[in-house]
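Single-letter residue listing:
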Amino acid sequence: MEIKLINIGFGNIVTANRVIAIVSPESAPIKRIISDARESGHLIDATYGRRTRAVIIMDSGHVVLSAIQPETVANRFMVSVKENDV
């Protein structure tokens, strides 16, 4: 099994194989997920103090905050998957 990595901004990288969802932080349910992850110690803030634009939910229960758009993260995810499938 090959490890596929996704750059989520500012030199931070997550493993593509562990990503469940890439979503926008605007809705109330996602805000609740972020709050719950913060309280349980499963929140990883990779925004470097900038506005959160994408929330990445991992299969380990961790929630990763990114300052780049969800569409950008998703495009990087798709490029990573396609490059490794060749």
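Residues numbered from 1 in each chain as written. Predicted model: local features only at pLDDT ≥ 70, side-chain atom pairs only at ≥ 80, totals over all residues. Heavy atoms only, no water.

1. Let's talk about the packing of aromatic side chains
- Summed over the entire model, instances satisfying the criterion amount to 1 aromatic pair.
- Arranged with centres 5.4 Å apart and planes meeting at 45°, the rings of Phe 10 and Tyr 48 form a pair that is tilted. One end of the pair, Phe 10, is in the loop between strand S1 (5-9) and strand S2 (12-15); the other, Tyr 48, is in the loop between strand S4 (43-46) and strand S5 (54-58), and 38 residues separate them in sequence.
- Taking relative accessible area as the criterion, Tyr 48 reaches 54% and is therefore assigned exposed. (Phe/Tyr/Trp six-rings, centres within 6.5 Å; stacked < 30°, edge-to-face > 60°. Helix = DSSP H or I, 4+ residues; strand = E, 2+ residues; numbered from the N terminus. Buried < 20%, exposed > 50% of the residue type's maximum accessible area, 1.4 Å probe, protein only.)

2. Some remarks on the nonpolar core
- Formed by Ile 6, Ile 8, Val 14, Ala 16, Val 19, Ala 46, Ala 54, Ile 56, Met 58, Val 64, Ile 68 and Val 73, the largest nonpolar core amounts to 12 residues.
- Elements with a contribution of two residues or more to this core: S1 and S5.
- When residues in this core are grouped by element, the largest group, 3 residues, is from S5.
- Non-local contacts of Val 14, meaning those with residues more than four positions away in its chain, are made with Lys 4, Leu 5, Ile 6, Ile 8, Val 19, Met 58 and Val 64. (Core = buried A, V, L, I, M, F, W, Y, C linked by side-chain atoms within 4.5 Å. Contact = heavy atoms within 4.5 Å.)

3. What to know about helix H1 (residues 28-40)
- Helix length check: H1, at 13 residues, gives a terminal C-alpha distance of 18 Å against a target of 18 Å (1.5 Å per residue), a fit within 8%.
- Check the buried side of H1 and you find it contacts strand S3 (19-23), S4, S5 and strand S6 (63-66). (Expected span 1.5 Å × (residues − 1).)

4. Focus: the pattern of salt bridges
- With the rule as written, the count across this model stands at 2 salt bridges.
- For Arg 18, the salt bridge goes to Asp 59, with nearest N and O atoms at 2.6 Å. Taken as a pair, Arg 18 in the loop between S2 and S3 and Asp 59 in the loop between S5 and S6 lie far apart in primary sequence, 41 residues in all.
- Residues Arg 51 and Glu 26 are paired through a salt bridge, measuring 3.9 Å at the closest nitrogen-oxygen approach. (Salt bridge = Lys/Arg side-chain N within 4 Å of Asp/Glu carboxyl O.)

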